[in-house]
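Given next are the chains, with one letter for each unit.
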Amino acid sequence: MSDTQINEEFDPNRYWEQRLTDSYTLGSVGWSGLGEAFNRWMYAVRKRVFRRVVGESIDNPSDLRVLDLGSGTGFYLNVWRELGVRDLSGSDLTSTAVTRLRAAFAHIPIHQLDIGGDPEQLPDEQYDVVSIMDVLYHVVDDQRYAQALHNLSRLLKPGGKLIFSENCVAHTQAGAHQVSRSRIEIERLLKDAQLVPTLQRPMFFLMNSPIDSDSRILRRWWFTVVRLSARHEVLGWSLGAAVFPWELVLVRLTTRGPSSKIIVCQREA
């Protein structure tokens, strides 16, 4: 990710259709270029952090109606099921993912929708909890990003909870396929959408790009991780296995890490 101009011709539907058609794995929906093995360790961290945040912010998830947006390969659908959720729905932007998800989760409604698009295309339902993980920073258009937050608010019952991940950096950084927006901008847009932040935790510390840090040590560390993980799957697996336990300690002990965050918001009543 770099401080470059946004590609105004970027077509997210075409981009993700191509990625998921080429390969339908965690490596395809995760960090491109790191390999499948290291991405699996990253998702193992995501799972631990997500479950902890749900436990801190939501009582009795099994009794709630939950919608997961940008379900991809179904990772968070599986996590919600492990948490006991019975009334669960999923969605994705791409027809490739929707087809695969409907086959893998035959008893779960799977919608095809663009969260930054026309609100009239949203499901005509409201949910107690909506999750949208590692999706919003891929909405590069500012108007569509603002619309996405309003759409998320619309999908929630009054008092409902939104769980999402974002980079929330000091200064907005724009790239071709994703934009890391500033904390101030995100807080303003959440307020406009009647979404009140109630909890924030670091998603990663060592196992993702230190985009919200000026530390040269962390940046050199991440450069090494990318080089080694991309070189061979065995190296990626070994590196992920070695760092994984330290990562779990760091994301639990720190209040705001140098990388992406997981945030919980409540829709105003």
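Here's what I pulled together on the structure shown here. All values derive from a computational prediction rather than experimental measurement.

**Focus on unusual backbone geometry**
- For Asp134, which is not a glycine, the phi torsion comes out positive at approximately 55°.
- Here Asp134 is to be found in the loop between strand 4 (127-132) and helix 6 (142-155).
- Backbone geometry at Gln194 places phi at a positive 65°, although glycine is not the residue there.
- Its location among the elements puts Gln194 in the loop between helix 7 (183-192) and strand 8 (195-202).
- Taking relative accessible area as the criterion, Gln194 reaches 40% and is therefore assigned partly exposed.

**Let's talk about the nonpolar core**
- Core analysis: the biggest nonpolar cluster contains 49 residues, and Phe38, Phe50, Trp80, Ile163, Met207 and Ile262 have the highest contact counts within it.
- Those elements giving two or more residues to this core turn out to be helix 3 (36-57), helix 4 (75-82), helix 5 (95-104), helix 8 (216-231), helix 9 (233-253) and strand 9 (261-267).
- It is helix 3 that contributes the most residues to this core, 9 residues altogether.
- Every residue in contact with Phe38, bar those within four places of it in the chain, is listed here: Met207, Trp222, Val225, Ser229, Gly236, Leu239 and Gly240.

**Some thoughts on the pattern of salt bridges**
- Summed over the entire model, instances satisfying the criterion amount to 18 salt bridges.
- A salt bridge links Arg201 to Glu56; the shortest N-O distance between them is 3.2 Å. In this pair, Arg201 is assigned in strand 8 and Glu56 in helix 3, connecting sequence segments 145 residues apart.
- Glu56 sits in the partly exposed class, given a relative accessible area of 39%.
- Members of the salt-bridge network, linked through shared partners, are Arg183, Asp212, Arg256 and Lys261.

**Comments concerning helix 8**
- For helix 8, with 16 residues, the first-to-last C-alpha span of 23 Å sits near the 22 Å given by 1.5 Å per residue.
- When we look at burial in helix 8, the residues that qualify are Leu218, Trp222, Val225 and Ser229. Projection of helix 8 onto a plane perpendicular to its axis shows the buried side chains occupying an angular sector of 55°, all on one side. Along helix 8, exposed side chains directed more than 90 degrees from the buried face belong to Arg216, Ile217, Arg220, Phe223 and Arg231.
- Packed against the buried residues of helix 8 are helix 3 and helix 9.

**Some words on the environment of Pro202**
- For Pro202, the location among the structural elements is in strand 8.
- The buried category is assigned to Pro202, whose relative accessible area is 0%.
- Separated by 60 residues in the primary sequence, Pro202 and Asp142 have C-alpha atoms spaced 24 Å apart.
- Leaving out residues up to four positions away in the same chain, Pro202 has contacts with Val49, Val251, Thr254, Thr255, Arg256, Gly257, Ser260 and Lys261.

**Digging into the sheet that holds strand 4**
- Judged by pairing direction, the sheet is mixed, and its 7 strands sit side by side in the order 3-2-1-4-5-9-8 without closing on themselves. Pairing within the sheet leaves two strands with one partner each, and these edge strands are strand 3 (110-112) and strand 8. Within this sheet the neighbouring strands show an average axis-to-axis angle of 20°, counted without direction.
- Contacting strand 2 (87-92) and strand 3, helix 5 runs over the sheet at an angle of about 170° to strand 3.

Reading guide: rules and limits
- Numbering of residues starts from 1 in each chain and follows the order in which that chain's sequence is written.
- Reporting in this predicted model follows two pLDDT cut-offs: at least 70 for local features of residues, and 80 or more for side-chain atom pairs to be given and counted; totals over whole chains, interfaces and linings ignore these cut-offs and use all residues.
- To obtain the side-chain values, all non-hydrogen atoms of the structure were included, while hydrogens and water were left out.
- Only runs of H or I of at least four residues qualify as helices and only runs of E of at least two qualify as strands under DSSP, and these elements are numbered from the N terminus.
- Whether a residue is buried, partly exposed or exposed follows from its accessible area with a 1.4 Å probe, protein chains only, as a fraction of its type maximum: under 20%, in between, or over 50%, in that order.
- By convention a nonpolar core is built from buried Ala, Val, Leu, Ile, Met, Phe, Trp, Tyr and Cys residues, the set being connected through side-chain atoms within 4.5 Å.
- Should any heavy atoms of two residues lie within 4.5 Å, those residues are considered in contact.
- Just to be clear on terms, a salt bridge is a Lys or Arg side-chain nitrogen sitting within 4 Å of an Asp or Glu carboxyl oxygen.
- A helix is expected to span 1.5 Å multiplied by its residue count minus one.
- What the arc measures is the spread of directions leading from the helix axis to the C-beta atoms.
- Pairing between strands requires that DSSP locate at least two bridges from one strand to the other.
- All axes are obtained by fitting lines to C-alpha atoms, using only the stretch in contact for helices, and the reported angles, taken between N-to-C directions, cover 0 to 180 degrees.

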